[in-house]
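Structural overview
Chain by chain, the residues:
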Amino acid sequence: IHNTVWEAARTAEGFDFGPQLAELRPVVSHVDLALCHLETPLAPADGPFSTYPRFSAPPQIAEALRRTGYDACTTASNHSVDQGTAGVNRTLDALDAAGLGHTGTARSRTESGRITTFTARGITLAWLAYTYGTNGLPIDGRRPWSVNLIDERRILADAARARRAGADAVLVALHWGQEYQS
């Protein structure tokens, strides 16, 4: 979430992303399961906020995403650790407070082992997310489990574990590729 996006959402009372997401609401709110990707970590409610290259976005986006109709967001991205462990924790806390599920980053080793699942139309879906890296920023060495990095063996093991736990299907979101290129 670049500064131009959050500045456009700024109001006298804080931030309101609803108008920016309004055109999506009729579509997103009527599907069985709406998933999004939240690439940037969230700041405390009053900031400070920052833009590229180390993002820290207004947490009010989480509630706006829920009001739009999203059920959950992936959080594993090249910007996951832009604000360190505190940013990971704040982001997940904001998503939890908004009632949004999440996958891709974790606050604890236990949480990192949980598989995010949803049931839609009687089908149980497991949802996993991983990123290619963190733009050269180190993942806290005491918390290597805090960001899911792309690792084929781990992805396959997590998917197998999800299936053993009862998932009918496993969705995998990978954050990868050359930015600004199709």
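The text that follows walks through the structure, step by step, so that each part is easy to find. (Residues numbered from 1 in each chain as written. Predicted model: local features only at pLDDT ≥ 70, side-chain atom pairs only at ≥ 80, totals over all residues. Heavy atoms only, no water.)

This part covers the sheet that holds strand β8 (residues 169-175). Pairing in this open sheet of 3 strands is mixed, and the strands run β6-β7-β8 from one edge to the other. For this open sheet the edge positions go to β6 (116-120) and β8, each flanked by a neighbour on one side alone. Across the sheet, the mean angle separating the axes of adjacent strands is 30° when strand polarity is ignored. Sheet topology note: the β6/strand β7 (residues 123-131) ladder contains 5 bridges and is antiparallel. Counterpart to A120 in the pairing with β7 is I123. (Pairing = 2+ DSSP bridges. Helix = DSSP H or I, 4+ residues; strand = E, 2+ residues; numbered from the N terminus. Axes fitted to C-alpha atoms, helices over the stretch in contact; angles between N-to-C directions.)

Time to look at the nonpolar core. The tendency in soluble globular proteins is for nonpolar side chains to be buried as a group. Ranked by size, the top nonpolar core spans 25 residues in total, and within it F17 and L65 carry the most contacts. Every element with two or more residues in this core is listed here: α4 (60-68) and α5 (84-98). (Core = buried A, V, L, I, M, F, W, Y, C linked by side-chain atoms within 4.5 Å. Buried < 20%, exposed > 50% of the residue type's maximum accessible area, 1.4 Å probe, protein only.)

Quick look at empty space enclosed by the protein now. Enumeration according to the criterion identifies 1 cavity of 30 Å³ or more in this entry. The computed volume of the largest cavity comes to approximately 60 Å³. Around the largest cavity, the lining residues are L38, E39, T40, P41, T75, S80, V88, T91 and T105. When its residues are assigned to classes, the lining of the largest cavity shows 3 nonpolar, 5 polar and 1 charged. (1 Å grid on protein atoms, 1.4 Å probe; cavity = no way out; pocket = protein on both sides within 12 Å on 5 of 7 lines; lining within 4 Å. Points joined across faces, edges and corners; volume = space filled by probe spheres on them. Nonpolar A, V, L, I, M, F, W, Y, C, P; charged D, E, K, R; others polar.)

Moving on: the pairing of β8. Two strands pair when backbone bridges link them, and β7 and β8 are joined in this way by 7 bridges, in the parallel orientation. Following the sheet pairing, T131 is matched in β8 by H175. For the crossover that starts at β7, traverses helix α7 (residues 152-164) and ends in the parallel β8, the hand is right-handed. (Right-handed = clockwise from strand over helix to strand, strands pointing away.)

This part covers the sheet that holds strand β5 (residues 101-103). Backbone hydrogen bonds are what pair the strands of a sheet, in a parallel or an antiparallel way. Pairing is parallel in the open sheet, where 3 strands are placed in the order β3-β4-β5. This sheet does not close on itself; its edge strands, each paired only once, are β3 (35-37) and β5. Averaged over neighbouring strand pairs, the angle between their axes works out to 25° when direction is ignored. Pairing of strand β4 (residues 72-74) with β5, which is carried by 3 bridges, proceeds in the parallel orientation. By the bridge assignment for β5, C73 is matched with H102.

Another aspect to go through is the pattern of salt bridges. This structure, assessed with the given rule, holds 11 salt bridges. In this structure, D140 engages R142 in a salt bridge whose closest nitrogen and oxygen atoms are separated by 3.2 Å. Accessibility expressed as a relative area gives 18% for D140, which makes it buried. By relative accessible area, R142 is classed as exposed at 65%. Here R143 and D140 are joined by a salt bridge, their closest N and O atoms 2.8 Å apart. What makes R143 partly exposed here is its relative accessible area of 26%. Ionic contacts of the salt-bridge type, sharing partners, join the residues D93, D96, R107 and E111 into one network. (Salt bridge = Lys/Arg side-chain N within 4 Å of Asp/Glu carboxyl O.)

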